[in-house]
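These are the residues of each chain, in order.
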Amino acid sequence: MEVIETVAQMQQRAEALRMAGHVLSLVPTMGFLHEGHLELMRVARKHSDRVIISIFVNPIQFGPTEDYDAYPRDTEGDLEKARRVGVDVVFLPREQEMYPTGFQTEVRVKEVTQHLCGLSRPGHFEGVTTVVAKLFHMTKPHLAVFGQKDYQQLTVISRMVKDLSMDIRVLGVPTVRDPDGLAMSSRNKYLTTDERVSALSLKKSLNLAEEMFKKGEGSAPGIKRAITDLIESHPHTEIDYISICDPVTLEEVKRLGDENLVALAVRVGKTRLIDNCLLRVKQ
Ligand code: AMP
């Protein structure tokens with residue numbers, strides 16, 4: 001496994017691999033790798049013959065009061081995990097390499113960023129699209145793999161790729177969960193034992209929404225009320241948002257249709273967690 005730290009070397013390597021006829025995939029991450037990230041790498045491997053991952057905690061996607069400094073990091077552990085899963089290249093740029101002095105360009109997707117996390121984290125998605133666009137130019141992948149856990153991120157990136165005619169296939173991978181249902185996240189490390197129990201309320205409320213939908217509940221406010229009660233019955237929780245929306249535009253709906261997204265962001269103690277599920281009428 002190769003570890004590359006500079007943009008110039010990464011671009012050279014990607015170009016050489018392309019010229020040699022390889023199909024390249026990219027899995028962008030912020031490190032502190034867990035089984036969810038590793039699953040993305042396995043999927044990437046299935047669809048390509050050279051897997052590149054990037055590890056970069058991207059400062060411009062964190063708000064001024066968010067956890068950039070505290071974000072967990074473990075480069076040695078990450079490299080070991082990546083090696084075991086069969087990654088070919090790890091791109092590990094430093095901040096100055098990614099944002100050299102004078103940097104002033106932003107990539108902005110205008111509409112699908114105006115809902116869900118876009119409302120509570122102003123500037124977040126601009127940070128994401130800007131870094132991902134840069135990573136695409138640095139690693140030149142044919143295919144890029146993202147998790148459905150960050151559903152809006154996947155939507156925003158797919159939109160950017162389409163709108164900017166980037167010749168890259170975007171693949172989404174279902175959320176990987178701990179055995180008790182908690183969606184894996186690098187931020188789960190922050191949770192105390194008690195908070196971790198309360199964190200299960202996210203998945204429980206998605207299950208409840210699914211049950212209600214299956215039984216024919218068509219009112220979004222009705223489902224939201226049930227979810228709010230369930231989450232609020234757990235200590236240490238504070239709801240940031242509960243959204244029932246169109247899975248393409250992410251616009252809120254009042255009545256559920258054939259396809260709906262339920263997306264949640266909940267603060268458990270100081271940790272902000274997100275989760276989501278699709279509610280679909282079976283064909
Ligand atoms: P992050 O390191 O949090 O920026 O995540 C890097 C990639 O891993 C993103 O595409 C995430 O959506 C994806 N990811 C994070 N957690 C999970 C999970 N539990 N299951 C599947 N994908 C995940």
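Residues numbered from 1 in each chain as written. Predicted model: local features only at pLDDT ≥ 70, side-chain atom pairs only at ≥ 80, totals over all residues. Heavy atoms only, no water.

Participant: So what exactly am I meant to see when it comes to the overall build of the protein here?
Facilitator: Scanning the protein from terminus to terminus reveals nine helices and nine strands. For the protein, whose C-alpha radius of gyration is 19 Å, the value lies close to the compact-globule estimate of 19 Å for 283 residues. Each of the 283 residues in the protein was classed as buried or not, and the buried ones make up 53%. Long-range pairs, those at least 24 residues apart, make up 72% of the contacts in the protein between residues at least 6 apart in sequence. On the protein, roughly 13900 Å² of surface is accessible, and the fraction owed to carbon and sulfur atoms is 49%. Averaging the positions of the 37 positive and the 39 negative side-chain charges in the protein gives two centres separated by 3 Å. (Helix = DSSP H or I, 4+ residues; strand = E, 2+ residues; numbered from the N terminus. Rg over C-alpha atoms; globule rule 2.2 N^0.38 Å. Buried < 20%, exposed > 50% of the residue type's maximum accessible area, 1.4 Å probe, protein only. Contact = heavy atoms within 4.5 Å. Areas by Shrake-Rupley, 256 points an atom, 1.4 Å probe, with all protein chains shown as cover. Lys, Arg positive; Asp, Glu negative; His and termini not counted. Charge placed at Lys NZ, Arg CZ, Asp CG, Glu CD.)

Participant: It is not clear to me how the sheet that holds strand 5 (residues 143–147) should be interpreted in this structure. Could you clarify?
Facilitator: Within a sheet, adjacent strands bond to each other through the backbone by hydrogen bonds, running parallel or antiparallel. Taken in spatial order, the six strands line up as 1-4-3-2-5-6 in an open sheet, and their pairing is parallel. Both edges of this open sheet fall to strand 1 (2–4) and strand 6 (169–173), since each of them pairs with a single strand only. Taking the axes of each pair of neighbouring strands and ignoring which way they run, one obtains an average angle of 25° across the sheet. Along the sheet, helix 7 (residues 151–163) contacts strand 5 and strand 6; its crossing angle with strand 6, the most-contacted strand, is approximately 170°. (Pairing = 2+ DSSP bridges. Axes fitted to C-alpha atoms, helices over the stretch in contact; angles between N-to-C directions.)

Participant: Help me understand the site of the ligand in this model?
Facilitator: In the vicinity of the ligand, 17 residues are found, and the nearest of them are His37, Gly147, Asp150, Val176 and Met184. Between the ligand and the protein, one listed contact pairs an oxygen atom with a side-chain N or O atom of His37 at 2.9 Å. Separating a nitrogen atom of the ligand from a backbone N or O atom of Met184 is a distance of 2.9 Å. Protein chains shield 93% of the accessible area of the ligand, which is 480 Å² for the free molecule. At the level of elements, strand 2 (24–29), helix 2 (35–47) and strand 5 are the ones that each hand at least two residues to the shell around the ligand. A total of three residues in the shell around the ligand trace back to one element, the largest contributor, which is helix 2. The residue makeup of the shell around the ligand, split by class, is eight nonpolar, seven polar and two charged. (Near = heavy atom within 4 Å. Polar contact = N/O pair within 3.5 Å; in protein donor to acceptor, adjacent residues only side chain to side chain. Nonpolar A, V, L, I, M, F, W, Y, C, P; charged D, E, K, R; others polar.)

Participant: Mind showing me how you'd approach helix 1 (residues 7–19) here?
Facilitator: Residues lying three or four places apart along an α-helix face the same way, a consequence of the helix completing one turn every 3.6 residues. The terminal C-alpha atoms of helix 1, which comprises 13 residues, lie 18 Å apart, in line with the 18 Å expected from a rise of 1.5 Å per residue. Residues of helix 1 that are buried include every one of Val7, Met10, Ala14 and Leu17, and no others. With its buried residues spanning 95° around the axis, helix 1 presents them on a single face. The exposed residues of helix 1 that point more than 90 degrees off its buried face are Gln12 and Met19. On its buried face, helix 1 is in contact with strand 1, strand 2, strand 3 (50–55), strand 4 (89–91), helix 4 (95–98) and helix 6 (124–139). The positive-phi residue at the C-terminal boundary of helix 1 is Gly21, with phi of around 90°. (Expected span 1.5 Å × (residues − 1). Arc of directions from axis to C-beta.)

Participant: Please clarify how helix 6 should be interpreted in this entry.
Facilitator: With 16 residues, helix 6 extends 22 Å between its outermost C-alpha atoms, agreeing within 8% with the 22 Å of an ideal straight helix rising 1.5 Å per residue. Within helix 6, 15 of the 16 residues are buried, which leaves the element mostly enclosed by the surrounding structure. Trailing helix 6 by a residue or two, Lys140 shows a phi angle of about 45°, which is positive.

Participant: Looking at this structure, I do not really get the nonpolar core. What am I missing?
Facilitator: For soluble globular proteins, nonpolar side chains are generally found buried alongside one another. Counting residues in each nonpolar core, the largest one holds 43 residues, and the members touching the most others are Met10, Val132, Phe136 and Met160. When residues of this core are traced back to their parent elements, those giving at least two are helix 1, strand 2, strand 4, helix 6, strand 5, helix 7, strand 7 (237–245) and strand 8 (259–268). When neighbours within four sequence positions are excluded, Met160 is seen to be in contact with Val107, Val109, Thr129, Val132, Ala133, Phe136 and Met166. Core analysis: the next-biggest nonpolar cluster, separate from the first, contains 23 residues, Leu202, Leu206, Ile244 and Val266 among them. (Core = buried A, V, L, I, M, F, W, Y, C linked by side-chain atoms within 4.5 Å.)

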